[in-house]
Amino acid sequence: MSTRAALADEVDSIGNNVAVKNLLSMVEEKQLLTKVAESGLLSKAQQAGVSLSSLEPFLSLASQNPDILILVEASGPELLPLLPKIVDLAPGALPLLASAISIPAPLIGAAGLGALAAAGYAVVAIPDDSVTNIAIQTAAVGLALPLAAASLVGSSILGKLTR
């Protein structure tokens, strides 16, 4: 396949990336921005102390480390197919996000530590004497570790945004 033919599949006649154009059309179709406004997420974020100025340190970090931007650009083709799924899930997640933004960051961090403790307890307390018990241990750790990681990272980010 020639380069021109491969490029024709990715861009329209004006030069717009077709996948991005379809994604933006989907956002418009689902009225995602209207739903964000109706959810009260932005007001609750502002009440929690999250503002555009609190994002400046992250933008500054990105500008001082051009490797970050290169990684973001390089991951674009892999991330682009995921974005329509995120747009599909977003309307249902907005009320949860609006509620979660008001939870104090230390409480979210404590939940992450609790999930780590639960994973450790499952490994120690459940005996390794059968395949079923080992499967239960594996499931407990497999569920607890991502929850712990998300909680700790979320707590850290929310803590930095609400300072």
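Each pocket or cavity is described by its volume, and for the largest pocket that value is around 510 Å³. If you tally residues by element for the lining of the largest pocket, the top one is helix α9 (residues 131-161), at seven residues. For the lining of the largest pocket, the class distribution of residues is 16 nonpolar, three polar and no charged.

Attention now goes to the side chain of Ser151. For Ser151, the location among the structural elements is in helix α9. If we ignore the near neighbours within four places in the chain, the residues touching Ser151 are Ile108, Gly109, Ala111 and Gly112.

So, on to the confidence of the model for the chain. Per-residue confidence for the chain gives a mean pLDDT of 82, with 91% of residues at or over 70. Looking across the chain, the model is least confident in helix α1 (residues 3-10), with a mean pLDDT of 56, and most confident in helix α8 (residues 105-125), with 94.

Looking now at α9. Its 31 residues give α9 an end-to-end C-alpha distance of 45 Å, which sits within 8% of 45 Å, the value for a rise of 1.5 Å per residue. Listing the buried residues of α9 in full gives Asn133, Gln137, Ala144, Ala148, Ser151, Ser155, Leu158, Gly159 and Leu161. On its buried face, α9 sits against α5 (56-64) and α8.

All right, on to unusual backbone geometry then. Even without being glycine, Gln31 reaches a positive phi, approximately 50°. Mapped onto the elements, Gln31 comes out in the loop between α2 (18-29) and α3 (32-39).

Right, let's talk about the nonpolar core for a bit. Core analysis: the biggest nonpolar cluster contains 10 residues, these being Leu23, Met26, Val27, Leu32, Val36, Leu41, Val87, Ala90, Leu94 and Ala98. Of all the secondary-structure elements, those providing two or more residues to this core are α2, α3 and α7 (83-100). With four residues, the single largest contributor to this core is α7. Within the second largest apolar cluster, seven residues are counted, among which are Ala45, Val50, Ala105 and Ile108.

The rules behind each value
Residues numbered from 1 in each chain as written. Predicted model: local features only at pLDDT ≥ 70, side-chain atom pairs only at ≥ 80, totals over all residues. Heavy atoms only, no water. 1 Å grid on protein atoms, 1.4 Å probe; cavity = no way out; pocket = protein on both sides within 12 Å on 5 of 7 lines; lining within 4 Å. Points joined across faces, edges and corners; volume = space filled by probe spheres on them. Helix = DSSP H or I, 4+ residues; strand = E, 2+ residues; numbered from the N terminus. Nonpolar A, V, L, I, M, F, W, Y, C, P; charged D, E, K, R; others polar. Contact = heavy atoms within 4.5 Å. pLDDT = per-residue confidence, 0-100. Expected span 1.5 Å × (residues − 1). Buried < 20%, exposed > 50% of the residue type's maximum accessible area, 1.4 Å probe, protein only. Core = buried A, V, L, I, M, F, W, Y, C linked by side-chain atoms within 4.5 Å.

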